[in-house]
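# An overview of the molecular structure
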Amino acid sequence: MEKRLLNKVLRVVMGVSLFHLFTFSPLPALADETIDLKALYLEIDDAISQSPQYVAERERKITAYRDSLQKETNVEKRLLMAENLFRLYESYRNDSALHFVELCINLADYLHRPDLTGRFRSLLAYQCSKSDRHTESIEQLRLVNKSDLDKRGLIDYYHAWMHVCGEIGSYTQRKEVQLRYYNMQDAYRDSLLMVAEEEGSEEFLHLKMDILNARRQYQDALQLSDEWIKKVTDGTHEAAYAAFYRSMVYDKLKNHDMTCYWLGKSALDDIKCAVMNQASLLFLAEHLANDGDINRASRYVEFARECNLTFCPQMRAYQVNSVVSVVEKSKKAAQSRANRILLITSIVIGLLLMALLFIILRFRKKGYNKH
């Protein structure tokens with residue numbers, strides 16, 4: 001009797017232990033901090049309302065650097081200031097970013113620094129590629145002498161080539177051309193990984209995340225994402241970038257809430273940094289539209305659209321697709337509401353007609369009874 005009781009107790013204990021192990025243990029692919037999506041969306045709403053203040057702060061920094069650049073006569077210092085202005089404009093206004101990186105190229109040429117000239121040409125090429133100027137991007141890259149570049153220059157050079165090859169591959173409808181450019185992209189990615197790993201750079205982290213996602217090694221991707229998130233400072237564009245890549249892992253894992261959370265975190269940081277090259281907010285809006293939160297999705301799409309048009313007058317493919325997707329869902333939701341209203345109205349009118357008919361029949365019956 002005692003033995004049977006002991007065995008029963010052990011089975012219960014083991015059952016409870018396994019339940020806790022599989023239910024509450026922080027499995028790498030599923031665990032994350034407690035999230036409150038509603039609170040996060042309210043933060044985003046508040047940040048959007050305060051966007052003019054964030055933009056004004058960035059403009060103040062830009063004005064200060066512009067004033068210093070105009071007064072400075074030392075060419076090396078002018079080069080540093082021009083690069084700072086390029087960085088301030090890089091995700092803010094594309095035309096101004098192009099202007100200041102070209103100024104960097106001219107100043108580097110003046111200083112007879114082919115290593116810097118090549119690096120800035122690579123940055124110019126990447127900026128062109130981001131705004132769908134693929135021909136201009138390749139023209140610049142072909143002017144770079146790779147042997148002149150240091151490690152930082154090689155990272156920017158390979159990164160620009162990798163990006164433009166991927167963009168061309170994704171735009172073409174010719175399979176042979178697509179395959180050729182995707183193979184080139186893979187080759188430049190391998191070269192970039194070799195250099196970037198030594199530097200421990202941000203490029204290495206996001207490329208490694210891409211590779212782990214492509215191989216479906218999502219737990220490894222999350223572990224790498226943990227390292228990346230720890231390295232960046234909260235409230236920066238770098239933090240927004242790291243959060244965006246984390247959202248991609250959760251999207252692959254079909255974890256809807258965590259995908260939305262990290263897209264929201266990414267969007268929030270970018271809004272506070274006055275980043276106009278918005279992506280996270282557009283993708284978040286698509287998820288919200290799919291969830292039926294059409295009003296918030298529409299607000300986010302409109303804000304992101306205005307930001308992106310500030311960055312670059314022509315909208316790029318992913319922006320158009322996101323906007324169209326939310327607009328279509330908004331139209332369907334509006335049509336669905338209209339149909340419901342029409343149905344309810346029809347039912348009410350039908351009931352009223354039936355009631356009226358009933359009353360008329362009652363009065364007629366009373367009239368016949370009197371006669």
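Our subject is the structure that appears above.
Along each chain, the written sequence defines residue order, and numbers are assigned to residues from 1. A pLDDT threshold of at least 70 governs which residues receive local features in this predicted model, and a stricter bar of 80 or more applies before side-chain atom pairs are shown or counted, although totals over entire chains, interfaces and linings include all residues. Remark: hydrogens and water are excluded; side-chain values derive from all non-hydrogen atoms of the structure.

### Topic: the packing of aromatic side chains
The condition that has to hold: Ring pairs are drawn from Phe, Tyr and Trp, using the six-membered ring of Trp, whenever the two centres fall within 6.5 Å, and their geometry is named by plane angle: stacked under 30 degrees, edge-to-face over 60, tilted for the rest. Burial classification: accessible surface area is computed with a 1.4 Å probe over protein chains only, and a residue below 20% of its type maximum counts as buried, one above 50% as exposed, and the rest as partly exposed. Each ring is checked for a lysine NZ or an arginine CZ that lies within 6 Å of its centre and within 35 degrees of its normal; such an atom marks a charge sitting over the ring.
All chains considered together, the criterion is met by eleven aromatic pairs. With a centroid separation of 6.2 Å and an interplanar angle of 25°, the aromatic rings of Tyr89 and Tyr92 are classed as stacked. Under the relative-accessibility criterion, Tyr89 is labelled buried at 5%. Residue Tyr92 is classed as buried on the basis of its relative accessible area, which comes to 1%. Relative to Trp262, the ring of Tyr261 lies with its centre 5.2 Å away and its plane at 85°, an arrangement referred to as edge-to-face. Looking at Tyr261, the relative accessible area reads 11%, which means it is buried. Following the ring pairs from residue to residue traces out a cluster consisting of Trp228, Tyr241, Phe244, Tyr245 and Phe283. A cation sits over an aromatic face here: Arg119 above Phe120, 4.8 Å from the ring centre.

### Side note on the environment of Glu72
The line we're drawing: Numbered from the N terminus, helices here are DSSP runs of H or I no shorter than four residues, and strands are runs of E no shorter than two. Between two residues, a contact is recorded if the distance between any of their heavy atoms is within 4.5 Å. Whenever a nitrogen or oxygen atom comes within 3.5 Å of another N or O atom, the pair is scored as a polar contact, on the condition that within protein one atom can donate a hydrogen and the other can accept it, and that pairs from neighbouring residues in sequence are kept only if both atoms are in side chains.
Along the chain, Glu72 turns up in the loop between α3 (51-71) and α4 (75-90). Beyond its immediate chain neighbours, meaning those up to four positions away, Glu72 contacts Lys77, Arg78 and Met81. Looking at Glu72, its side chain comes within polar contact range of the main-chain nitrogen of Asn74, at 3.0 Å.

### Quick look at helix α2 (residues 37-49)
Residues three or four positions apart in an α-helix share a direction because the helix packs 3.6 residues into each turn. Stated precisely, the cut-off is as follows: Helix span is expected to be 1.5 Å times the residue number reduced by one. Directions drawn from the helix axis to the C-beta atoms are what define this arc.
Its 13 residues place the ends of α2 18 Å apart at the C-alpha level, agreeing with the 18 Å of an ideal helix rising 1.5 Å per residue. Along α2, the residues classified as buried are Leu37, Leu40, Tyr41, Ile44, Ala47 and Ile48. Buried residues along α2 cover an arc of 120° about the axis, so they all sit on one side. Looking at α2, the residues exposed on the side facing more than 90 degrees away from the buried face are Lys38 and Leu42. A side-chain oxygen of the first residue of α2 lies 3.3 Å from the backbone nitrogen of Lys38; this N-cap is Asp36.

### Some remarks on the packing of helix α10 (residues 202-214) against helix α12 (residues 237-252)
To characterise two packed helices, one gives the angle between the axes of the helices and the distance between these axes. The following threshold applies: Axis geometry follows a simple rule: fit a line to the C-alpha atoms, using only the stretch in contact for helices, then measure angles between N-to-C directions, giving values from 0 to 180 degrees. Roughly parallel here means an angle under 35 degrees, roughly antiparallel means over 145, roughly perpendicular means 65 to 115, and every remaining angle is called oblique. Each residue receives one of three labels: charged for Asp, Glu, Lys and Arg, nonpolar for Ala, Val, Leu, Ile, Met, Phe, Trp, Tyr, Cys and Pro, and polar for the others, Gly being one of them.
Put simply, α10 and α12 touch, their axes get as near as 11 Å, and they point 5° apart. As summarised for this structure, α10 and α12 are arranged roughly parallel, according to the angle between their axes. When α10 is examined against α12, the residues Glu202, His206, Met209, Asp210 and Asn213 are found in contact with a partner set consisting of Glu238, Tyr241, Tyr245, Arg246, Met248, Val249 and Lys252. Along the lines of polarity and charge, the residues of the contact of α10 with α12 split into five nonpolar, two polar and five charged.

### Re unusual backbone geometry
Here the phi dihedral of His112 falls at roughly 55°; this positive angle occurs in a residue that is not glycine. Locating His112 in the fold gives a position in the loop between α5 (94-110) and α6 (114-130). Under the relative-accessibility criterion, His112 is labelled exposed at 68%. Of note in the backbone geometry, Ala274 takes a positive phi value of approximately 55° without being a glycine. Within the element layout of this structure, Ala274 appears in the loop between α13 (256-272) and α14 (280-290). Note on Ala274: relative accessible area 3%, which makes it buried.

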